[in-house]
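Fold and contact review
The residues making up each chain are set out below.
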Amino acid sequence: MSTLDVHPPVVGRRVRLGAAPGPLLSFHRNGLLHVFVAGGLEDGRSEVAEEFHGTSPLACGPIVRLDARRDDAVLRAALERWIAGDGSAATVDPLTASSRGTLFIDHVARLARPTQRLLLMLAQQPAPGSAGAMPAWGGRLVVGSPVEPGLAVDGGCLLPELHDCLDKVRVNLRSPGAGHGRWRHDTIPREEHVRRSVCG
């Protein structure tokens, strides 16, 4: 697994990355390994997803953003149609929309267990263009979590198998301390609070 700790400045509530993840972006610019963005704020995690999308072979395709806290049912229905080989158009289908692009799922540990199992099946598919890849969807997965994924696994929120499959390239973001105006390391919840804060 490739890992990068990003410590960018805070501008308002946005995390300005600039060229901070440059080493990882350069190293993986021709690959489509899954990316796990941990910590930081939602805008920061989304910006990292955009950075990886923009330097990938799928940069000309779309990037679709989902929030697991509200989009679980939509994602699950799309994954079920994909597994069944149902190519019928749906009103909202994130897999179709992100085909040949990037699907970014934030708060991934908030997905229901059945949805996580379906997502694992998608994540285990070969990269686009590889032998055996499903023709209905060939994109890249980038996922985000406000806490370190190992804690989400320990708290029973994230399937260990899904964590192992998705955590191929890791970007760790630090979150600004409330009222301090500076970065701090202690923003990851303690284990006993993980289920409440991550699983909802």
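Sequence order as written defines the numbering, with residues in each chain counted from 1. The predicted origin of the model limits local features to residues at a pLDDT of at least 70 and limits the giving and counting of side-chain atom pairs to 80 or more, whereas totals for whole chains, interfaces and linings rest on all residues. For the side-chain quantities, the full set of heavy atoms in the structure was used; hydrogens and water were omitted.

Re the overall build of the chain
- Within the chain, the regular secondary structure consists of eight helices and eight strands.
- Burial here depends on accessible area, computed with a 1.4 Å probe over protein chains only, as a share of the maximum for the residue type. Under 20% is buried, over 50% is exposed, and the range in between is partly exposed. Residues classed as buried in the chain amount to 50% of the 200 residues present.
- Total accessible area on the chain is roughly 9,600 Å²; 51% of this is exposed by carbon and sulfur atoms. Put simply, DSSP marks the helices as runs of H or I at least four residues long and the strands as runs of E at least two long, and each gets a number from the N terminus on. Only the protein chains shown count as cover for residues, with accessible areas throughout obtained via the Shrake-Rupley method and a probe of 1.4 Å.

A word on the pairing of strand S4 (residues 35-39)
- S4 sits mainly inside the fold: five of its five residues count as buried.
- Two strands qualify as a pair provided that DSSP identifies no fewer than 2 bridges between them. When S4 meets strand S7 (residues 140-145), the two strands line up parallel, connected through four bridges. Within S7, the position partnered with Val35 by the bridge is Val142.
- Bridge analysis of S4 against strand S8 (residues 169-173) gives five bridges, and the strand direction is parallel. Bridge assignment links Gly39 to a residue of S8, and that residue is Leu173.

As for helix H3 (residues 68-84)
- Its axis deflected by about 35° at Val74, H3 carries its strongest bend there.
- Buried residues of H3: Ala68, Asp71, Asp72, Leu75, Ala78, Leu79, Arg81 and Trp82, and no others.
- We call two residues in contact when some of their heavy atoms are within 4.5 Å. Summarising the contacts, the buried residues of H3 are in contact with strand S5 (63-67), helix H4 (94-97), strand S6 (102-106) and helix H5 (113-123).
- One or two steps after H3, the chain reaches Gly85, where phi turns positive at roughly 75°. The angle between axes fitted to the seven-residue stretch ending at a residue and the seven-residue stretch beginning at it gives the bend at that residue.

Quick look at the environment of Phe52
- Looking at the element boundaries, Phe52 is found in helix H2 (residues 42-54).
- Exposure remark for Phe52: the relative accessible area of 2% places this residue in the buried category.
- Separated by 50 residues in sequence, Phe52 and Thr102 place their C-alpha atoms 9.0 Å apart.

Describing unusual backbone geometry
- Non-glycine residue Arg100 carries a positive phi angle of around 60°.
- Position of Arg100 relative to the elements: it lies in the loop between H4 and S6.
- Judged by relative accessible area, which is 46%, Arg100 ranks as partly exposed.

Quick word on H2
- Along its 13 residues, H2 runs 18 Å from first to last C-alpha, staying within 8% of the 18 Å computed at 1.5 Å per residue.
- All of the buried residues along H2 are Gly44, Arg45, Ser46, Glu47, Val48, Ala49, Phe52 and His53. Expected helix span is given by 1.5 Å per residue-to-residue step, counting one fewer step than there are residues.

Let's talk about the side chain of Asp71
- Looking at the secondary structure, you find Asp71 in helix H3.
- Polar contact is defined as a pair of N or O atoms within 3.5 Å, subject to the rule that within protein one atom must be able to donate a hydrogen and the other to accept it, and that residues adjacent in sequence are counted only when both atoms are side-chain atoms. Within the local environment of Asp71, its side chain forms a polar contact with the backbone nitrogen of Asp67, the two atoms lying 2.8 Å apart.

As for the confidence of the model for the chain
- Across the chain, the average pLDDT comes to 75, with 63% of residues at 70 or higher.
- When pLDDT is averaged over each helix and strand of the chain, the minimum, 30, is found for strand S2 (residues 10-11) and the maximum, 95, for S6.
- Known as pLDDT, the predictor's per-residue confidence is scaled from 0 to 100. For residues 1-20, every residue scores under 50 in pLDDT, and the model assigns this stretch 53 contacts once sequence neighbours within four places are set aside.
- Low pLDDT, under 50, characterises residues 178-194; the predicted model gives this stretch 29 contacts beyond four residues in sequence or across chains.

A few points about the environment of Gly40
- Looking at where Gly40 falls in the secondary structure, it is placed in the loop between S4 and H2.
- You can call Gly40 buried: its relative accessible area is 8%.
- A C-alpha to C-alpha distance of 8.6 Å links Gly40 and Ser145, two positions 105 residues apart in sequence.

Focus: the pattern of salt bridges
- Salt-bridge detection follows one rule: a side-chain nitrogen of Lys or Arg within 4 Å of a carboxyl oxygen of Asp or Glu. Scanning the entire structure with this criterion turns up ten salt bridges.
- Linking Arg76 and Asp72 is a salt bridge whose minimum nitrogen-to-oxygen distance equals 2.8 Å. Here Asp72 and Arg76 lie together in helix H3, a separation of four residues that amounts to about one turn.
- Classification of Arg76 by relative accessible area gives partly exposed; the value is 27%.
- For Asp72, a relative accessible area of 13% translates into the label buried.
- With a shortest N-O distance of 3.4 Å, Arg170 and Glu148 are connected by a salt bridge. With Arg170 in strand S8 and Glu148 in the loop between S7 and helix H6 (149-154), this pair connects stretches of sequence that are 22 residues apart.
- With relative accessibility at 6%, the residue Arg170 sits in the buried group.

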